[in-house]
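Observations on the three-dimensional arrangement
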Amino acid sequence: VQLQASGGGLVQPGGSLRLSCAASGSIFSIKVMGWYRQAPGKQRELVARITIDGHTDYADSVKGRFTISGDNAKNTVYLQMNSLKPEDTAVYYCNVRRMVAGASYDYWGQGTLVTVSS
């Protein structure tokens, strides 16, 4: 599975960005797509994820501000980020989880930098 992420950049506090991640290759058996982030000096953390049947989970810190959505036909997941805060600054990584014969396999995109600063 190859993941191509895009949409990061520099934005002022209170602004918005939309991240996109397109999956290609062995995309069968994908069960979950999501976004993680890693800020300098911190561990990577879950931001949001969406299952193939549309169930979503969010980190408490982004609830009400971020929205994850998926386009199954395009094998693409989006993260709409509104009301951005400086603490949202991080490298954002797209993640895909496949389930094959009872085993799970995680794939990661290359990361896209989001900087929230005035």
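The sections below set out a description of the structure shown in this document. None of the values given here were measured: they were computed from a predicted structure.

Quick look at the pairing of strand E7 (residues 66-71)
In this structure, E7 lies alongside strand E8 (residues 76-81), joined through six bridges in antiparallel fashion. Note that in E8 the partner of Ser-69 across the bridge is Tyr-78. Adjacent in sequence and paired antiparallel, E7 and E8 are bridged by four residues, among which Asn-75 carries a positive phi angle near 50 degrees.

A look at the packing of aromatic side chains
Scanning the entire structure with this criterion turns up one aromatic pair. For the ring pair Tyr-36 and Trp-108, a centre distance of 5.0 Å and an interplane angle of 70 degrees mean the geometry is edge-to-face. Taken as a pair, Tyr-36 in strand E4 (residues 30-38) and Trp-108 in strand E10 (residues 103-108) lie far apart in primary sequence, 72 residues in all. Residue classification places Tyr-36 among the buried residues on the basis of a relative accessible area of 18%. Sitting over the face of the ring of Tyr-93, Arg-44 holds its NZ or CZ atom 3.8 Å from the ring centroid. Over the aromatic face of Trp-108 sits the side chain of Arg-44, whose NZ or CZ is 4.6 Å from the ring centroid.

Observations concerning the state of the cysteines
Using the criterion set out here, one finds one disulfide in the structure. Here Cys-21 connects covalently by a disulfide to Cys-94, the sulfurs 2.0 Å from one another. Disulfide Cys-21 to Cys-94: torsion about the S-S bond roughly -85 degrees, handedness left-handed. Of this pair, Cys-21 sits in strand E3 (residues 17-24) while Cys-94 sits in strand E9 (residues 90-100), and the two are 73 residues apart along the sequence. For the residue pair Cys-21 and Cys-94, the accessibility class agrees, reading buried in each case.

Thoughts on the sheet that holds E3
The sheet built from four strands is open, its strands ordered E1-E3-E8-E7 with antiparallel pairing. Among the strands making up the open sheet, the edge pair consists of strand E1 (2-6) and E7. Pairwise comparison of adjacent strand axes, ignoring direction, gives a mean angle of 15 degrees for this sheet.

The rules behind the values
Residues numbered from 1 in each chain as written. Predicted model: local features only at pLDDT ≥ 70, side-chain atom pairs only at ≥ 80, totals over all residues. Heavy atoms only, no water. Pairing = 2+ DSSP bridges. Helix = DSSP H or I, 4+ residues; strand = E, 2+ residues; numbered from the N terminus. Phe/Tyr/Trp six-rings, centres within 6.5 Å; stacked < 30°, edge-to-face > 60°. Buried < 20%, exposed > 50% of the residue type's maximum accessible area, 1.4 Å probe, protein only. Lys NZ or Arg CZ within 6 Å of the ring centre and 35° of its normal. Disulfide = S-S within 2.5 Å. Axes fitted to C-alpha atoms, helices over the stretch in contact; angles between N-to-C directions.

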